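# Tertiary structure, described
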Amino acid sequence: MNTPADVEYRIAHLKERLAAEETGDLGIRIENRGSSVTVVGTVPTAHCREELMETVTDELAGLTVHFDVVVTESAAPDHPEEVR
């Protein structure tokens, strides 16, 4: 069973791991919310989001994790916008 101290330790370790990886500068918040952990923030691409989710799932295995991570991919439009 995970005690609150264990969960906080695992979250701290996860934050260190994310800081050392490419995702470190993404501005992701990881919050312990009672019986679950919530990951909140924005990432530049869907690929970054997938990598983040894999890392979090790996580090926090066995815990309930909720993701509220938005992709802000700013690709050029592939068609002109029609204005009426």
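To start, this report covers the structure provided alongside it. It should be emphasised that the depicted structure is a prediction, and the values quoted were computed from it without experimental measurement.

### A word on the pairing of strand E1 (residues 29–33)
For a regular strand, the rule is simple: side chains alternate between the two faces of the sheet. Sheet analysis places E1 next to strand E2 (residues 36–43), joined by five bridges and oriented antiparallel. Its bridge partner lying in E2, Arg33 is registered against Ser36. Remark: two residues form the turn of the hairpin made by E1 and E2, two consecutive strands paired antiparallel; Gly34 in that turn has positive phi of roughly 70°.

### A short note on the environment of Leu60
Mapped onto the fold, Leu60 is located in the loop between helix H2 (46–59) and strand E3 (64–71). Given the relative accessible area of 1%, Leu60 is considered buried. Contact partners of Leu60, with chain neighbours within four places excluded, come to Arg10, Ile11, Leu14, Val37 and Val65.

### Some details on H2
Spanning 14 residues, H2 covers 20 Å between terminal C-alpha atoms, matching the ideal 20 Å at 1.5 Å per step. Taken together, the buried positions of H2 are Cys48, Leu52, Thr55, Val56 and Glu59. Summarising the axial view, the buried residues of H2 lie within an arc of 95°, below the 170-degree limit, and thus occupy one face. Turned more than 90 degrees away from the buried face of H2, the exposed residues are His47 and Glu54. Residues of H2 that are buried make contact with helix H1 (4–20), E2 and E3.

### Considering the packing of H1 against H2
Where H1 meets H2, the closest approach of the two axes is 10 Å, and the angle between their N-to-C directions is 145°. The chirality of how H1 crosses H2 is right-handed. In contact with Arg10, His13, Leu14, Arg17 and Leu18 of H1, H2 contributes Leu52, Thr55, Val56, Asp58 and Glu59. Looking at the contact of H1 with H2, its residues break down into four nonpolar, two polar and four charged.

### Observations regarding the pattern of salt bridges
As enumerated under the stated definition, the model contains five salt bridges in all. Ionic pairing is found between Glu21 and Arg17, a salt bridge with its closest N-O pair at 3.1 Å. The class for Arg17 is partly exposed, based on a relative accessible area of 25%. Close ionic contact of Glu31 with Arg29 constitutes a salt bridge, the shortest N to O distance being 3.0 Å. Overlapping salt bridges, with partners in common, bring together Arg17, Glu21, Asp58 and Glu59 in one network.

About the thresholds
- Residues numbered from 1 in each chain as written.
- Predicted model: local features only at pLDDT ≥ 70, side-chain atom pairs only at ≥ 80, totals over all residues.
- Heavy atoms only, no water.
- Pairing = 2+ DSSP bridges.
- Helix = DSSP H or I, 4+ residues; strand = E, 2+ residues; numbered from the N terminus.
- Buried < 20%, exposed > 50% of the residue type's maximum accessible area, 1.4 Å probe, protein only.
- Contact = heavy atoms within 4.5 Å.
- Expected span 1.5 Å × (residues − 1).
- Arc of directions from axis to C-beta.
- Axes fitted to C-alpha atoms, helices over the stretch in contact; angles between N-to-C directions.
- Left-handed = near helix turned anticlockwise from the far one by under 90°.
- Nonpolar A, V, L, I, M, F, W, Y, C, P; charged D, E, K, R; others polar.
- Salt bridge = Lys/Arg side-chain N within 4 Å of Asp/Glu carboxyl O.

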